[in-house]
Structure formats: C-alpha cells, structure tokens
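# Structural characterization, general
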Amino acid sequence: MKSIVIHAAKDLRIEDRDVAAPGPGEVQIKLATGGICGSDLHYFNHGGFGPVRLKEPMILGHEVSGHITALGEGVTGLSIGQLVAVSPSRPCGNCRYCHEGRYNQCLNMRFYGSAMPFPHIQGAFRQVLVADAAQCAPADGLTPGEAAMAEPLAVCLHATRRAGGMMGKSVLVTGCGPIGILCILAARRAGADLVVATDLSEFTLSKAREAGADVTLNMSKDAEALDRFTPEKGTFDILYECSGAAPALSAGISAMRPGGTILQLGLGGDMNLPMMAITAKELSLKGSFRFHAEFFTAVSLMQKGLVDVKPFITQTFPLKESLAAFEMAGNRNQAVKAQIEFA
Ligand SMILES: [Zn+2]
Ligand SMILES: [Zn+2]
C-alpha cells in the first residue's frame with residue numbers, strides 16, 4: 001500500500017509500506033480521503049515549525065476518513081464497508097491529564113503525523129490504516145470528504161467550548177484559512193450575533209462571507225480597517241485568533257470590549273503581546289489546542305445538516321498528484337481545504 005512520506009522540506013515521496021492486520025479492538029480501514037492541514041504544510045514547506053523539526057521520515061496526515069475492511073477481535077458497533085471519520089487523537093488514558101479528562105494534554109499523546117515526539121508519530125496518509133475502533137466515528141450519510149473535515153471542525157468546536165457562552169455575542173475572527181472559516185461556522189452554530197472576519201486574501205474573505213461572516217475586512221488593503229470597531233473601548237466579546245500573526249492579534253485586541261475572551265488557535269511562533277490593553281480591559285487570553293470529544297460532535301453536527309463544510313473543500317486530488325495537492329493547499333488565493341483521494 002502507498003503512503004505519503006515527508007523526508008525533509010519539499011522532499012515528499014509516495015512510498016510502499018506493509019499492510020497490517022487489525023489486532024483486538026482495532027479495525028482495518030481502506031482510506032478514502034485525507035485533508036491537508038496547516039501542520040502538514042509546515043513539514044512540507046519548512047521541515048517543521050518552531051522547535052518541532054523532522055528528524056526522520058514521517059508519514060503525514062491526520063484528517064482522514066475511510067471504509068472499514070476488517071474488524072479485529074471484540075469490535076462491536078462498526079461494520080465492514082461502513083464509512084468512518086478517524087480521530088487522530090490517541091491519548092494514553094493513564095497519565096495525570098488523561099485522569100483529569102484533559103485528553104488533549106496527554107503526556108503520551110500519539111497524534112497522527114506529529115514530529116513533536118521522537119520517534120515521530122507516523123501519520124494517516126496511507127491507503128490502508130489500522131486504528132482503534134474507539135477512534136472511529138461512524139459517518140453514514142456523509143461524503144468521505146466531509147468526514148475528513150471532522151478533525152479541523154473539532155479544533156474549532158473545542159475553541160468554541162473554551163469561549164464559554166456564544167449566544168448573542170460579537171465575534172472577531174482573524175485569519176480565514178480552514179480553521180478561521182470553520183470557527184465562523186462554529187460560532188454561528190453556537191449563537192453568535194455579529195461576526196467580523198479579517199484576512200489578507202480576497203478569495204478567503206469571500207469564503208468567510210459564504211461561511212456566514214457579516215463583515216469581512218482585507219487588512220492588506222487597509223491596516224486600520226478595524227478602527228470602526230474600537231470606539232467606546234471596543235466591540236468584540238470574543239476573538240478567534242487563527243492567523244498566528246502578531247499584527248492580527250494586536251489589531252484584534254484593540255477592538256475587544258472589556259471583559260472579552262481571546263482564543264489563540266494560530267501557531268506562528270512566539271509573539272509580543274499588547275499587555276497594557278489586555279490588563280486594562282481585563283481580557284481573558286486562552287490558548288486552544290486540538291480537541292478530544294469534540295471530534296464525535298463534529299461528525300454528528302455534519303450528519304444532522306447543522307454545519308455544512310462542503311463549500312470549503314475547494315480541491316480534490318488523486319493520490320498520485322499529492323505534490324500538486326500540497327502546493328495547492330498553501331495557495332490562499334485558490335484553496336480553503338485541499339484533499340487527497342486515496343482510493
Ligand atoms: Zn488538522
Ligand atoms: Zn495520557
């Protein structure tokens with residue numbers, strides 16, 4: 001079976017790997033679709049991000065769906081041929097944070113396609129994947145492409161949970177890549193009133209409007225575009241910072257109203273903070289990292305038609321054109337989410 005392996009920046013290879021049989025409690029999955037994520041792109045473009053560097057070849061990918069081809073001993077509730085979304089979150093269940101229910105903070109996390117630990121955790125971009133049955137969310141009624149969107153949607157549902165109450169709130173989203181777009185959908189679903197989105201690309205802002213943003217602002221054309229939201233100490237109760245860029249965070253903070261909550265999702269390295277404004281406006285600054293239980297909620301919301309991710313799957317490439325897929329995934333003038341078909 002073929003897999004997509006990153007060896008170093010810009011050195012992406014399609015390689016043969018052995019097929020494994022499912023052990024007790026596991027299932028074998030014929031992969032259907034894999035979405036390319038920002039972290040996959042960091043490995044592809046730069047060989048890592050921040051202190052996280054590739055030290056050995058690694059199979060990429062963690063946004064995947066597929067059809068079950070074999071059930072291991074003791075597996076119930078799943079059937080052969082069924083479409084499943086596969087959660088890449090694999091906490092140990094035994095460490096102090098798992099015992100607290102903070103699974104995304106697990107000390108022994110084996111998140112697919114991550115070079116954070118060494119040896120690296122191999123990813124899910126492979127034609128045949130063996131996974132724990134507990135990682136699989138039945139995705140009946142969804143397309144494989146939608147099912148593969150469960151992972152980034154879960155990231156945004158987790159951030160929305162951390163935001164606290166959303167009903168009637170004014171929300172700013174800075175950075176409208178896939179995560180920003182899905183945060184708009186999540187905030188809308190949770191009852192946000194005003195939703196304003198910023199980015200540097202007209203294409204992504206048009207997709208932000210499609211996702212339900214009331215106002216979109218192109219900060220490359222007018223760096224002061226948020227000024228209309230700064231009178232009387234600011235407008236926004238909640239900021240989803242999805243760009244990882246310091247200027248976006250600073251501009252966003254200036255438009256936050258006192259007592260507001262900043263959710264930092266973007267990972268662009270360390271940045272300077274306008275600490276005077278954070279302190280004086282009594283803002284809450286919250287990190288938001290991955291997800292756990294929200295993965296199953298993401299699948300369920302899509303199945304019920306409460307969140308529609310289809311307009312944001314902008315390109316689908318066959319496996320043999322993986323390189324083109326990775327190049328397109330980083331193109332903010334044409335792509336929101338680019339996916340690869342493994343069938
Ligand atoms: Zn992802
Ligand atoms: Zn753990």
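Here's a quick rundown of the structure.

### Description of the nonpolar core
Ranked by size, the top nonpolar core spans 54 residues in total, and within it V171, I184 and Y240 carry the most contacts. Among the elements of the structure, β8 (83–86), α4 (150–163), β11 (171–174), α5 (178–189), β12 (195–199), α6 (202–211), β14 (236–241) and α9 (294–303) are those that each provide at least two residues to this core. Ranked by residue count, the leading element in this core is α4, at eight residues. Apart from residues no more than four positions distant in its own chain, I184 is found in contact with V173, C176, V195, A197, A208, A211, G212 and A213. Listed in part, the 41 residues of the second largest apolar core include V86, Y112, L129 and A329.

### Considering the sheet that holds strand β15 (residues 256–264)
One open sheet accounts for six strands, arranged β13-β12-β11-β14-β15-β16; its pairing is parallel. Unpaired on one side and paired on the other, β13 (215–218) and β16 (284–287) mark the two borders of the sheet. For this sheet, the mean angle separating the axes of adjacent strands, direction not counted, is 15°. Sheet topology note: the β15/β16 ladder contains four bridges and is parallel. Looking across to β16, one finds that L263 is bridged to K286. With respect to the sheet, helix α7 (residues 246–254) is in contact with β11, β14 and β15, its orientation differing from that of β15 by roughly 155°.

### Focus on the side chain of S114
The residue S114 is located in the loop between α2 (96–99) and β9 (128–132) in this model. Within the structure, the side chain of S114 is placed 3.2 Å from the backbone nitrogen of M116, a separation counted as a polar contact. Leave out the neighbours within four places in its chain, and S114 touches Y43, M58, H120, I121 and R290.

### Some thoughts on the pairing of strand β7 (residues 63–71)
Every regular strand shows the same layout, with side chains that alternate between the two sheet faces. Alignment of strand β3 (residues 26–35) against β7, held across eight bridges, turns out to be antiparallel. Residue pairing across strands places Q28 opposite A70, the latter belonging to β7. Where β7 and β8 come together, four bridges link them in antiparallel fashion. By the bridge assignment for β8, H67 is matched with L83.

### Description of the coordination of the zinc ion (ligand 2)
With distances of 2.3 to 2.4 Å, the protein atoms coordinating the zinc ion (ligand 2) are C92 (SG), C95 (SG), C98 (SG) and C106 (SG). Its four donor atoms give the zinc ion (ligand 2) angles of 100 to 119° at the centre, a pattern that matches the tetrahedral case. Here the donor residues of the zinc ion (ligand 2) share one chain and are spaced in sequence as C-x2-C-x2-C-x7-C. The pair formed by C95 and C98 is uniform in burial state, with each residue classed as buried.

What counts and how
- Residues numbered from 1 in each chain as written.
- Chains lettered and ligands numbered in written order.
- Predicted model: local features only at pLDDT ≥ 70, side-chain atom pairs only at ≥ 80, totals over all residues.
- Heavy atoms only, no water.
- Core = buried A, V, L, I, M, F, W, Y, C linked by side-chain atoms within 4.5 Å.
- Buried < 20%, exposed > 50% of the residue type's maximum accessible area, 1.4 Å probe, protein only.
- Helix = DSSP H or I, 4+ residues; strand = E, 2+ residues; numbered from the N terminus.
- Contact = heavy atoms within 4.5 Å.
- Pairing = 2+ DSSP bridges.
- Axes fitted to C-alpha atoms, helices over the stretch in contact; angles between N-to-C directions.
- Polar contact = N/O pair within 3.5 Å; in protein donor to acceptor, adjacent residues only side chain to side chain.
- Donors = N, O, S within 2.8 Å, 3.2 Å for Na, K, Ca; no water.
- Tetrahedral: all angles 85-135°; square planar, octahedral: opposite > 155°, others 65-115°.

By themselves, these figures tell us nothing about what the structure is for.
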